[in-house]
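Chain and residue survey
Below are the chains, spelled out letter by letter.
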Amino acid sequence: MATVTCPHCHQLVDSQAIACPYCRTILKAYGHPGIPLHRATGDEYLCDSCTYHADNTCNFPQRPYAKDCTLYENLEESKLRLQEQRYASSFGASVNRWVKRNQSLLLLLGLLVVCLLIALSTT
Ligand code: SF4
Ligand SMILES: [Zn+2]
């Protein structure tokens, strides 16, 4: 089996390991067959803009000088995605909170509408 060093505790671990058996660091960038290969375009290394390099969870031996990589995850894109998720969940949560807080008001409004409809239909 191929071994690599854990980016966190520097122990030797299996290159296919999902988490370090010593310090429990989740190693997100472990090898997987059959997924797209990302390639660096210019002189830059992929790792420089990779999420897994930034959060130190990559145990690929080619890090930090990867020119192509199957697990490259653009840092800016994942930041944007996180922000969107956070925004969406906070919006949903505040709508929920508002509905809960104003339940009786909404109920009153509903009753009023019903009364109006009845009044209109009987005249
Ligand atoms: S580009 Fe690949 S080798 Fe470099 S940090 Fe990201 S996942 Fe690891
Ligand atoms: Zn470790």
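Residues numbered from 1 in each chain as written. Chains lettered and ligands numbered in written order. Predicted model: local features only at pLDDT ≥ 70, side-chain atom pairs only at ≥ 80, totals over all residues.

**Here's the deal with the overall build of the protein chain**
When helices and strands are tallied, the protein chain shows 3 helices and 4 strands. Mapped in sequence order, the helices and strands of the protein chain form the string β-β-β-α-β-α-α. The C-alpha radius of gyration of the protein chain comes to 26 Å, more than 25% above the 14 Å expected for a compact globule of 123 residues. Within the protein chain, contacts between residues separated by at least 24 positions form 38% of all contacts whose residues are at least 6 apart in sequence. (Helix = DSSP H or I, 4+ residues; strand = E, 2+ residues; numbered from the N terminus. Rg over C-alpha atoms; globule rule 2.2 N^0.38 Å. Contact = placed C-beta atoms within 7 Å.)

**Comments concerning the nonpolar core**
By size, the foremost hydrophobic cluster in this structure holds 10 residues: L46, C47, C50, Y52, C58, F60, A66, C69, L71 and Y72. Ignoring any residue separated from it by four or fewer positions in sequence, one finds C47 in contact with H53, R63, P64, Y65 and A66. (Core = buried A, V, L, I, M, F, W, Y, C linked by C-beta atoms within 7 Å. Buried ≥ 20, exposed ≤ 12 C-beta atoms within 10 Å, placed from the backbone.)

**Let's talk about the site of ligand 1**
Around ligand 1, a shell composed of 14 residues is seen, among which C47, C50, H53, C58 and C69 lie nearest. Considering only residue class, the shell around ligand 1 consists of 11 nonpolar, 2 polar and 1 charged. (Near = placed C-beta within 6 Å. Nonpolar A, V, L, I, M, F, W, Y, C, P; charged D, E, K, R; others polar.)

**Quick notes on unusual backbone geometry**
P64 follows R63 through a cis peptide bond whose omega is 0°. Note on placement: P64 falls in the loop between α1 (51-54) and β4 (68-69). The phi torsion at H10 lies on the positive side, around 65°, for a residue other than glycine. Given 11 C-beta atoms within 10 Å, H10 falls into the exposed group. With phi around 70°, R24 is a residue other than glycine that occupies positive phi space. Relative to the helices and strands, R24 resides in the loop between β2 (12-14) and β3 (38-39). Look at R24 and you get exposed, because 10 C-beta atoms sit within 10 Å.

**Considering the domain arrangement of the protein chain**
Each domain of the protein chain was delimited in the assignment, giving domain 1 (1-73) and domain 2 (75-122). Taking only C-alpha atoms, the centre of domain 1 and the centre of domain 2 are 43 Å apart. (Domains from an automatic or database assignment.)

**Section: helix α3 (residues 103-122)**
The end-to-end C-alpha distance of α3, which contains 20 residues, comes to 29 Å, matching closely the 28 Å that a straight helix rising 1.5 Å per residue would cover. Among the 20 residues of α3, 0 are classified as buried, and the element is accordingly described as predominantly exposed. (Expected span 1.5 Å × (residues − 1).)

**Some remarks on the environment of E76**
Assignment of secondary structure puts E76 in helix α2 (residues 75-101). Sequence separation of E76 and Q62 is 14 residues, and the distance between their C-alpha atoms is 21 Å.

**Let's talk about the environment of Q16**
Tracing the chain through its elements places Q16 in the loop between β2 and β3. As a C-alpha pair, Q16 and L107 span 91 residues in sequence and 57 Å in three-dimensional space.

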